[in-house]
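Coordinate inspection notes
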Amino acid sequence: MAWALAAHAASPALYRIGVSMHFMRDDYASAVVQSIKKTVASQPGASVVVTDANGEAAKQLTDMENLVAQKVSAIIVIPIDEKAILTGIRRANAAGIPVVAITHIPNATVVTTVASTGDFTNGKASGQLLRERLHDQGKIAVIDMPYSLWRIDERERGLKEALAGSHIEIVAHQAGTEQAKIQDIVAGLLIAHPDLAGIWCSYSNQVVGAADALRQAGRRNVVLTGIDADHSIIERIEKGWVTGTAAQFPREHGRLAAEAALNQLTGKPVQASYEVPVGVVTKGNARDMERRIWNE
């Protein structure tokens, strides 16, 4: 196979690992890249080139095509849109460049996937926390993306599985990506649904925006959960505006992805997938989890 040939085509001094990031605007993304660079640095002469799609699917496809044109030794990718990135992955496949995915990418041929079930697991863990704190009943709002992404769909599937059989009712479904917009959306939801008991958010910006809306309205009685545990979210958990969130471990994601790429290139075994445990951050464990997640 072309990948097997690629493993012997370059000396270690020539290994360049391309990293195609969905964006670089949160703590998770920064920690993933730092971890990849640290891991690759352990291979003498190896280097890393990072691209930032800034949340734009078309830009990420161009980034992937450029990495292929640069003839990097391997590519690690976190997709903003799993469907839009497929052409870029297939071009890497055709060029014999191994691809390592962080999160599952449907219909893609990759060497391995890191955290392939992580999105579902995060959704379920945050949903279980929501259900527990609401004591199995109440009206909630769900905040997701304004477009369909497999990873967000998986997070919602996990949420719905966690809520199955309860008396919790989803009375509003809103979407947005920017923190300020989410804050406005949630402010409106609190007026439209004065008996709203809970809110679930699919990722970091939404959690922060929702928390700030609750703070502005003085609504500590609304249970707010979601996914991601950036520093700004942990701060709001400690202050009581976020009930808790499911936490990914970005340094583990980066380390495992980089190790898999290097192992592929040097002829060492690579698993079909690598799972990373999900943590739940609440006020009671926030300080300890911050150290565990961010290694600080």
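In what follows, the accompanying structure is described. Counting restarts for each chain, with residues numbered from 1 along the sequence as it is written. Given that this is a predicted model, residues contribute local features only at a pLDDT of at least 70 and side-chain atom pairs are listed and counted only at 80 or more, while totals for whole chains, interfaces and linings are drawn from all residues. Remark: hydrogens and water are excluded; side-chain values derive from all non-hydrogen atoms of the structure.

It is worth spelling out the packing of aromatic side chains at this point. Centres within 6.5 Å make a pair out of two Phe, Tyr or Trp rings, where for Trp the six-membered ring is used; the pair is then stacked when the planes are under 30 degrees apart, edge-to-face when over 60, and tilted otherwise. The full count for this structure, using the stated rule, is zero aromatic pairs. One cation-aromatic arrangement involves Arg25 over Phe23; the distance from NZ or CZ to the ring centre is 4.9 Å. Ring-over charges, as used throughout, are those where CZ of Arg or NZ of Lys falls within 6 Å of the ring centre and within 35 degrees of the ring normal. For Arg220, the ring lying beneath its charged end belongs to Trp241, and the centroid distance is 3.9 Å.

So, on to helix 6 (residues 150-163). The terminal C-alpha atoms of helix 6 lie 20 Å apart, and with 14 residues this matches the ideal 20 Å at 1.5 Å per residue to within 8%. Relative accessibility under 20% of the residue-type maximum defines a buried residue, over 50% an exposed one, and the middle range a partly exposed one, all with a 1.4 Å probe and only protein chains included. We count a stretch as a helix when DSSP gives it H or I for four or more residues in a row; a strand needs E for two or more, and each element gets its number in order from the N terminus. Among the residues of helix 6, Arg151, Ile152, Glu154, Arg155, Glu156, Gly158, Leu159, Ala162 and Leu163 are the ones counted as buried. Contacts between residues were defined by any pair of non-hydrogen atoms, one from each residue, lying within 4.5 Å. Buried residues along helix 6 sit in contact with helix 5 (118-133), strand 6 (137-144), strand 7 (167-175), strand 8 (196-201) and strand 9 (223-227). Two residues or fewer after helix 6 comes Gly165, characterised by a positive phi angle close to 90°. A helix is expected to span 1.5 Å for every residue after the first.

Only the stretch in contact is used when fitting a helix axis, every axis being a line fitted to C-alpha atoms; angles between N-to-C directions are given from 0 to 180 degrees. Direction vectors running N to C along helix 3 (residues 57-69) and helix 4 (residues 86-94) enclose 10°, while the axes themselves pass 8 Å from each other. Relative to helix 4, helix 3 is oriented roughly parallel. Taken together, the residues of helix 4 that come into contact with helix 3 (itself represented by Leu61, Met64, Glu65 and Val68) are Thr87, Gly88, Ile89, Arg91 and Ala92. Basically, the charged four are Asp, Glu, Lys and Arg, the nonpolar ten are Ala, Val, Leu, Ile, Met, Phe, Trp, Tyr, Cys and Pro, and anything else, Gly included, counts as polar. Tallied by class, the residues present in the contact of helix 3 with helix 4 amount to five nonpolar, two polar and two charged. Orientation categories follow fixed angle ranges, with anything under 35 degrees roughly parallel, anything over 145 roughly antiparallel, 65 to 115 roughly perpendicular, and all other angles oblique.

Relative to the helices and strands, Val280 is located in strand 12 (residues 279-282). A relative accessible area of 30% places Val280 in the partly exposed class. Along the sequence, Val280 and Ser126 sit 154 residues apart, while their C-alpha atoms lie 7.4 Å from each other. Not counting the four nearest positions on each side in its chain, Val280 is found in contact with Ala125, Leu129, Thr245, Ala246, Asn285 and Met289.

Let us now look at the packing of helix 7 (residues 179-192) against helix 8 (residues 204-217). Running from amino to carboxyl end, helix 7 crosses helix 8 at an angle of 45°, the nearest separation of the two axes being 7 Å. On the basis of the axis angle, helix 7 is oblique to helix 8. Classified by chirality, the crossing of helix 8 by helix 7 is right-handed. Side by side, helix 7 and helix 8 meet where Gln179, Ile182, Gln183, Val186, Ala187 and Leu190 of the first sit next to Asn205, Gln206, Val208, Gly209, Ala210, Asp212, Ala213, Leu214, Gln216 and Ala217 of the second. By the definition used in this description, the sense in which the near helix is turned from the far one sets the handedness, with an anticlockwise turn below a right angle giving left-handed and a clockwise turn giving right-handed.

Here we take up the sheet that holds strand 3 (residues 74-77). Pairing between strands is defined by DSSP: at least two bridges between the two strands are required. The strand order across the open sheet built from six strands is 2-1-3-4-5-11, with neighbouring strands paired in parallel fashion. Every other strand in the sheet has two partners, leaving strand 2 (47-52) and strand 11 (273-274) as the edge strands with one partner each. Two elements, strand 5 (residues 112-114) and strand 11, share two bridges in a ladder whose sense is parallel. Considered in strand 11, the bridge of Val114 is made with Tyr274. Seen against the sheet, helix 3 touches strand 1 (16-21), strand 2 and strand 3 and runs at an angle of roughly 170° to strand 1.

Most often, soluble globular proteins keep nonpolar side chains buried together rather than apart. Ranked by internal contacts, the top residues of the largest apolar core, which has 60 residues, are Ile199 and Val281. Ignoring any residue separated from it by four or fewer positions in sequence, one finds Ile199 in contact with Leu130, Ala141, Ile143, Val186, Leu214, Val222, Val223, Leu224 and Thr225. In terms of nonpolar packing, the next biggest core, distinct from the first, is built from 15 residues, Met64, Leu86, Ile89 and Ala92 among them. For this analysis, a nonpolar core means a set of buried residues of the types Ala, Val, Leu, Ile, Met, Phe, Trp, Tyr and Cys, connected via side-chain atoms within 4.5 Å.

The term salt bridge refers to a side-chain nitrogen of Lys or Arg lying within 4 Å of a carboxyl oxygen of Asp or Glu. Scanning the model with the defined rule gives 16 salt bridges in all. For Arg91, the salt bridge goes to Glu65, with nearest N and O atoms at 2.5 Å. Taken together, the residues span a long stretch of sequence, with Arg91 in helix 4 and Glu65 in helix 3 at a distance of 26 residues. Relative accessible area serves as the criterion here: at 44%, Arg91 is assigned to the partly exposed category. When its relative accessible area of 24% is taken as the criterion, Glu65 is described as partly exposed. Here the salt bridges share partners, and the residues they tie into one network are Asp119, Arg151 and Arg155.

Bringing the sheet that holds strand 7 into the picture now. Strand order in the open sheet formed by six strands is 7-6-8-9-10-12, with mixed pairing between adjacent strands. Every interior strand has two partners, whereas the edge strands, strand 7 and strand 12, have only one. Across the sheet, the mean angle separating the axes of adjacent strands is 20° when strand polarity is ignored. As paired strands, strand 8 and strand 9 are joined by four bridges and run parallel to one another. Directly across from Ile199, in strand 9, lies its bridge partner Leu224. Of the strands in this sheet, strand 6, strand 8, strand 9 and strand 10 (244-247) touch helix 8, which is tilted by about 165° from strand 9.

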